[in-house]
Amino acid sequence: MLEKIISFEALPSTNQYLKENYSNLEHFTIITCENQTHGRGRLGRSWFSSKDSGVFSILLFPQYLNNINITFIPLVCAYATLKVLSKYVDSLQVKWPNDIVLSSKKLAGILVEAVTTTKIEAIIVGIGININNSSFNEEISSIATSLYLNNNSILDKKTIIADIANELKNSLILDPSEIISYLNDNLYIKGKEVSFSYNNEIVSGVVCKINQDGSLKVSTNKGIINVSSGEVTLTNLYK
Ligand code: BTN
């Protein structure tokens with residue numbers, strides 16, 4: 001079934017829209033826009049998008065999420081996005097926790113945010129995909145790619161967005177081990193050297209796999225370290 005999507009011509013950020021309006025909206029409301037003017041990325045970065053990008057956010061209320069661990073949601077989103085985009089292109093990978101990578105360049109990014117008072121009121125899943133982009137600005141052109149640049153054909157953004165939303169709905173009730181296993185099979189950083197901050201020190205090591213709890217197992221000269229996604233920036237991993 002195709003999910004119902006609410007579309008705007010322009011918004012500063014689809015995530016921000018849901019943050020401001022979640023209390024009047026239903027679980028699994030999907031917001032998209034043609035022109036996102038102040039898109040946000042992870043770790044305080046901004047997210048560049050044009051009319052050719054697919055940008056959307058989905059509103060989740062924890063009470064409808066059957067005990068799923070909130071820290072696991074970014075991985076479920078990566079899984080659903082990877083599954084759907086793999087219909088259009090081969091050899092997609094995930095850069096843990098949730099960048100989607102094509103030919104060593106970033107194809108899509110995911111930002112999961114929680115609205116918190118004394119408890120988690122709402123979770124906002126924001127996904128940005130380079131769909132029909134034929135070029136990127138200088139700042140990101142060496143590290144970003146799009147489905148168009150790979151396939152040379154224009155795709156229908158709404159179909160892809162609805163398909164990912166539908167896949168996410170189904171994935172949220174899957175056994176977590178199925179998700180972890182699929183992500184490990186397509187893990188871009190497996191065997192690669194990564195650096196991260198650990199006990200106020202920058203530590204390097206080689207990525208082994210994603211653990212069952214969603215953390216990343218890294219082999220370092222201090223032994224095995226299991227890193228959680230909030231703690232780490234993996235640098236210089238794109239061509
Ligand atoms: C990242 O890779 O850093 C995450 C990028 C997430 C971008 C999407 S686009 C739709 C939604 N609205 C936002 O402002 N950000 C997310």
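All figures in this text were calculated on a predicted structure; none of them were measured in a lab. (Residues numbered from 1 in each chain as written. Predicted model: local features only at pLDDT ≥ 70, side-chain atom pairs only at ≥ 80, totals over all residues. Heavy atoms only, no water.)

Looking now at the sheet that holds strand β9 (residues 201-210). Reading across from one edge, β8-β9-β10-β11 is the order of the 4 strands in this open sheet, with antiparallel pairing throughout. Since the sheet does not close on itself, it has two edges, and those belong to β8 (193-198) and β11 (223-227), each with one partner. The average undirected angle you get between the axes of adjacent strands in this sheet is 45°. As defined by bridge partners, strand β10 (residues 216-220) adjoins β11 across 5 bridges and the pair is classed as antiparallel. Bridging from a neighbouring strand, valine 218 pairs with isoleucine 225 of β11. (Pairing = 2+ DSSP bridges. Helix = DSSP H or I, 4+ residues; strand = E, 2+ residues; numbered from the N terminus. Axes fitted to C-alpha atoms, helices over the stretch in contact; angles between N-to-C directions.)

Here we take up the pairing of β10. Regular strands have side chains that alternate between both faces of the sheet. Judged by which residues are buried, β10 turns out to be one-sided: Leu216, Val218 and Thr220 face inward and are buried, whereas Lys217 and Ser219, on the alternate face, are not. In this structure, β9 lies alongside β10, joined through 5 bridges in antiparallel fashion. Bridge pairing links isoleucine 210 to leucine 216 in β10. Counted along the chain from β9 to the antiparallel partner β10, the turn is 5 residues long, and its residue glycine 214 has a positive phi close to 95°. In this antiparallel pair of consecutive strands, β10 and β11, the connection spans 2 residues. (Buried < 20%, exposed > 50% of the residue type's maximum accessible area, 1.4 Å probe, protein only.)

The next subject is the site of the ligand. The full set close to the ligand counts 20 residues, and Ser13, Gln36, Arg40, Arg42 and Lys106 are the nearest of them. Side-chain polar atom of serine 13 to an oxygen atom of the ligand: 2.7 Å apart, as the coordinates give it. Backbone polar atom of arginine 42 to an oxygen atom of the ligand: 2.7 Å apart, as the coordinates give it. Here the ligand has 420 Å² of accessible area as a free molecule, and 98% of this is covered by the chains. (Near = heavy atom within 4 Å. Polar contact = N/O pair within 3.5 Å; in protein donor to acceptor, adjacent residues only side chain to side chain. Areas by Shrake-Rupley, 256 points an atom, 1.4 Å probe, with all protein chains shown as cover.)

Our next topic: the packing of aromatic side chains. For the coordinates displayed, the defined rule picks out 3 aromatic pairs. The lysine or arginine in question, lysine 83, covers the ring of tyrosine 182, its NZ or CZ lying 4.8 Å from the ring centre. If you follow lysine 192 out to its NZ or CZ, it ends over the ring of tyrosine 188, 4.1 Å from the centre. (Phe/Tyr/Trp six-rings, centres within 6.5 Å; stacked < 30°, edge-to-face > 60°. Lys NZ or Arg CZ within 6 Å of the ring centre and 35° of its normal.)

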